[in-house]
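# Observations on chain architecture
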Amino acid sequence: MSKGTAVITGAGQGIGKSIAERLAKDGFAVVLSDVNETVLKSAVDEFKNAGYQVSSLVSDVTKFEDQKALVQHAADTFGSVDVFVNNAGVAHVGPVIGLQEKNLDLLFKVNVYGTVYGIQAAAEQMKKQSTGGKIINACSIAGHQSFPMMGLYSATKFAVRGFTQAAAKELAKDHITVNAYCPGIVGTGMWERIDDVMTNYQGIKKGEAFKQAIESIALGRSEEPEDIANFVSFLASSDSDYMTGQSVLIDGGIVFN
């Protein structure tokens, strides 16, 4: 028996795909969304081969119309939207004094506008259902503490944390919880790109920035997408019903609040 429907943005690869797979294993019908049609199709094929209840929609989180269409697609296909994961995000590495308008536009549109549009679209459907729901946002350790060369990314994640708290307070009366997960250093393509930029900027060997970052983790290893998916599984479950407005660090021990 299905636990309901979970929608995951940025689900074609990396963390989003891992979250979608875990929620599918938990018994949710899942709707995968990504702006990259190629990786999305590949992921959906894998899910179908595994026997999961899955549907998909190519969409751009920076467009409110796309977020509404995604929610409508999920409701039309599986009957409801019970969990909405605002996972899609992009990073930027570089000094504050070197930031350009195009950098600001991209990061804020994807990480902040995309999250807000997702909250709005999901909440509208969840209110209509009168059954409540769970909205789960992608924050970061950079939403708790800013780091050199990560100022812009950090600013967007502080914004996500702020919207998570405000939305949680506003939507509680509708039995909708809003929480966020805050990963640390995850061994995905995003960190490969970060390492490349740090290599050029600091004049160090390729891979050295990533190695140094790993050495700062108390548990002594980089984070795997499954580590995040395991926590999102809790946030999507009834076990987290009495939790809202929280942006929880799951970083292996880097930032301690």
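What comes next is a walk through the structure.

Procedures and definitions
Residues numbered from 1 in each chain as written. Predicted model: local features only at pLDDT ≥ 70, side-chain atom pairs only at ≥ 80, totals over all residues. Heavy atoms only, no water. Phe/Tyr/Trp six-rings, centres within 6.5 Å; stacked < 30°, edge-to-face > 60°. Helix = DSSP H or I, 4+ residues; strand = E, 2+ residues; numbered from the N terminus. Buried < 20%, exposed > 50% of the residue type's maximum accessible area, 1.4 Å probe, protein only. Pairing = 2+ DSSP bridges. Right-handed = clockwise from strand over helix to strand, strands pointing away. Salt bridge = Lys/Arg side-chain N within 4 Å of Asp/Glu carboxyl O. Axes fitted to C-alpha atoms, helices over the stretch in contact; angles between N-to-C directions. Contact = heavy atoms within 4.5 Å. Expected span 1.5 Å × (residues − 1). Arc of directions from axis to C-beta. Polar contact = N/O pair within 3.5 Å; in protein donor to acceptor, adjacent residues only side chain to side chain.

Let us look at the packing of aromatic side chains. For the structure on display, the rule yields four aromatic pairs. A ring pair is formed by Phe-47 and Tyr-52, whose centres lie 5.5 Å apart and whose planes are at 70°; its orientation type is edge-to-face. Aromatic pair Tyr-113 and Tyr-117: ring centres 6.2 Å apart, planes at 65°, arrangement edge-to-face. Here Tyr-113 and its partner Tyr-117 are both found in helix α4 (residues 101-129), four residues apart, which amounts to about one turn of the helix. For Tyr-117, a relative accessible area of 22% translates into the label partly exposed. Aromatic rings pair up to connect Phe-64, Tyr-113 and Tyr-117 into one cluster.

This part covers the pairing of strand β6 (residues 176-183). Judged by how many residues are buried, β6 sits mostly within the fold: eight of eight residues are covered. The two faces of β6 match: Ile-176, Val-178, Ala-180 and Cys-182 on one face and Thr-177, Asn-179, Tyr-181 and Pro-183 on the other face are all buried. Bridge analysis of strand β5 (residues 133-138) against β6 gives six bridges, and the strand direction is parallel. Of the residues in β6, the one forming a bridge with Gly-133 is Ile-176. After leaving β5, the chain enters helix α5 (residues 151-171) and then returns to the sheet as β6, a path that is right-handed. Of the pairings in the sheet, the one linking β6 to strand β7 (residues 247-250) comprises four bridges and is parallel in character. Residue Pro-183 lies in a different strand from β7, and its bridge partner there is Ile-250.

The next point concerns the pattern of salt bridges. Considering all chains together, one arrives at nine salt bridges under this definition. Salt-bridge contacts for Lys-17 lead to Glu-46; the nearest nitrogen and oxygen are separated by 2.8 Å. Of this pair, Lys-17 sits in helix α1 (residues 14-25) while Glu-46 sits in helix α2 (residues 37-49), placing them 29 residues apart in sequence. A salt bridge links Arg-22 to Asp-26, with the shortest nitrogen-to-oxygen separation between them at 3.0 Å.

Before going further, it helps to spend a moment on the sheet that holds strand β4 (residues 83-86). For sheets, the rule is that strands pair by backbone hydrogen bonds, running either parallel or antiparallel. Taken together, the seven strands give an open sheet; going across it, the order is β3-β2-β1-β4-β5-β6-β7, and neighbouring strands pair in parallel fashion. Unpaired on one side and paired on the other, β3 (54-58) and β7 mark the two borders of the sheet. Ignoring which end each strand starts from, the neighbouring axes of this sheet average 20° apart. This element, α5, spans β5, β6 and β7 of the sheet and lies at about 160° to β6.

Further remarks concern α2. Counted at 1.5 Å a residue, the expected span for α2 with its 13 residues is 18 Å, and the 18 Å between its end C-alpha atoms agrees. Listed in full, the buried residues belonging to α2 are Val-39, Leu-40, Ala-43, Val-44 and Phe-47. Taken end-on, α2 shows its buried residues confined to a sector of 135°, consistent with a single buried face. The exposed set on the far side of α2, more than 90 degrees from its buried face, consists of Glu-37, Thr-38, Lys-41, Lys-48 and Asn-49. Looking at where α2 begins, the residue whose side-chain oxygen comes 3.0 Å from the main-chain nitrogen of Thr-38 is Asn-36. Just downstream of α2, Gly-51 is the residue with a positive phi angle, here 85°.

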